[in-house]
Amino acid sequence: MSIGTTTLLFISTAIIFWVPNYGEYVLKANHDHVLAVFVIVSISGPVLGIIVGGAIVDNYAGGYEGKKSSLFTLFFAVMAVLCSLPVKMISSIYLFGLCLWGVLFFGGAVIPNAQGIMISSLKPELRAVGNSISVVLQCLLGFIPAPFVYGVIYNYSKSYDQKLAIALVLWYSIVGVLFYVIGTYYRFKKMEEEEEKESIKTTAENLRNDKNNINIQFTEINESEKHMNDHEGDIKKIEIKQL
């Protein structure tokens, strides 16, 4: 899950650094229009994604610890990929902004849920360490290399395809989806094993309780038989005395 999140952070960082330049010099859009689209998209997309994604997971998946939360997170990640696919064919700053908004919206829906799932999947004593490792990976593989990688790709490809760099950066979200698929698979497998262990434990407790109930019933039966035998003995004694 953490590695998948780094891909989205990589993309968002590259967007912050390079989209204004891309809109003005590659799409040849007006500077003011580029800034207006960039500001609206970069603020509204992720903020609404975080709010809507968190609300959906809380209401329909039972929160981070719910079994379906991974599926919702994977769905959001797939939608972010789908929004990124047409960018290489788009020449309008407004259509490009719309695709970018979809990437940031669904990416915003992914990140907090993925982080919550990752932390809740760890044992309490490992959560601080796990969160620290996750932050280090996000910085090393997400925030830090994004501007440099885009610049290198653009410098090598601008002579024959100026849109290739932004397309590859956005399509990098496919790698994140693959990691989310792997994470979802292993999380489901782990939760099924835990449910199976819990079922076995519950069955064993039920059998133990049934055994205790049976022993109690046998004890009661033995005590009843003992009382009956004592009562019969008393009756025989009375009959002997009468004779």
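Everything discussed here concerns the structure shown above.
These remarks concern the structure in this document.

Definitions and limits used
- Residues numbered from 1 in each chain as written.
- Predicted model: local features only at pLDDT ≥ 70, side-chain atom pairs only at ≥ 80, totals over all residues.
- Heavy atoms only, no water.
- Helix = DSSP H or I, 4+ residues; strand = E, 2+ residues; numbered from the N terminus.
- Buried < 20%, exposed > 50% of the residue type's maximum accessible area, 1.4 Å probe, protein only.
- Areas by Shrake-Rupley, 256 points an atom, 1.4 Å probe, with all protein chains shown as cover.
- Phe/Tyr/Trp six-rings, centres within 6.5 Å; stacked < 30°, edge-to-face > 60°.
- Core = buried A, V, L, I, M, F, W, Y, C linked by side-chain atoms within 4.5 Å.
- Contact = heavy atoms within 4.5 Å.
- Polar contact = N/O pair within 3.5 Å; in protein donor to acceptor, adjacent residues only side chain to side chain.
- Salt bridge = Lys/Arg side-chain N within 4 Å of Asp/Glu carboxyl O.

### Topic: the overall build of the protein
Then, number 1: Within the protein, the secondary structure is distributed over eight helices and zero strands.
Then, number 2: Of the regular secondary structure in the protein, the N- to C-terminal order runs α-α-α-α-α-α-α-α.
Then, number 3: Buried residues in the protein amount to 37% of all 243 residues.
Then, number 4: Put simply, the protein shows about 14500 Å² of open surface, and 66% of that area lies on carbon and sulfur atoms.

### Some details on the packing of aromatic side chains
Then, number 1: Applying the stated rule across the entire model yields eight aromatic pairs.
Then, number 2: The interplanar angle of 10° and the centroid separation of 4.9 Å between the aromatic rings of Trp-101 and Phe-105 together place this pair among those described as stacked. In this pair, Trp-101 and Phe-105 both sit in helix α4 (residues 93-121), four residues apart, roughly one turn of the helix.
Then, number 3: Judged by its relative accessible area of 27%, Trp-101 falls in the partly exposed class.

### Some thoughts on the nonpolar core
Soluble globular proteins: nonpolar side chains tend toward being buried together.
Then, number 1: Counting 29 residues, the largest nonpolar core has Ile-15, Phe-96 and Leu-170 as its most contacted members.
Then, number 2: Going through the elements one at a time, α1 (2-25), α2 (31-60), α4, α6 (145-157) and α7 (164-171) are the ones with two or more residues in this core.
Then, number 3: Phe-96 has contacts with Val-19, Tyr-22, Leu-27, Val-87, Ile-90 and Ile-166, leaving out every residue within four places of it along the chain.
Then, number 4: With 15 residues, the next largest nonpolar core counts Leu-8, Ala-80, Ala-114 and Val-177 among its residues.

### Concerning the environment of Trp-171
Then, number 1: With respect to the helices, strands and loops of the structure, Trp-171 is situated in helix α7.
Then, number 2: For Trp-171, a relative accessible area of 26% puts it in the partly exposed group.
Then, number 3: Taking the C-alpha atoms as reference points, Trp-171 and Leu-85, 86 residues apart in sequence, are found 6.8 Å from one another.
Then, number 4: Setting aside anything within four residues of it in sequence, one finds Trp-171 in contact with Ser-84, Leu-85, Val-87 and Lys-88.

### Brief notes about the side chain of Thr-184
Then, number 1: By the element assignment, Thr-184 lies in helix α8 (residues 173-242).
Then, number 2: At 2.7 Å, the side chain of Thr-184 and the backbone oxygen of Tyr-180 are in polar contact.

### Points about the pattern of salt bridges
Then, number 1: Applying the stated criterion across every chain yields a total of one salt bridge.
Then, number 2: Here Lys-88 and Asp-161 are joined by a salt bridge, their closest N and O atoms 2.5 Å apart. One end of the pair, Lys-88, is in the loop between α3 (69-84) and α4; the other, Asp-161, is in the loop between α6 and α7, and 73 residues separate them in sequence.

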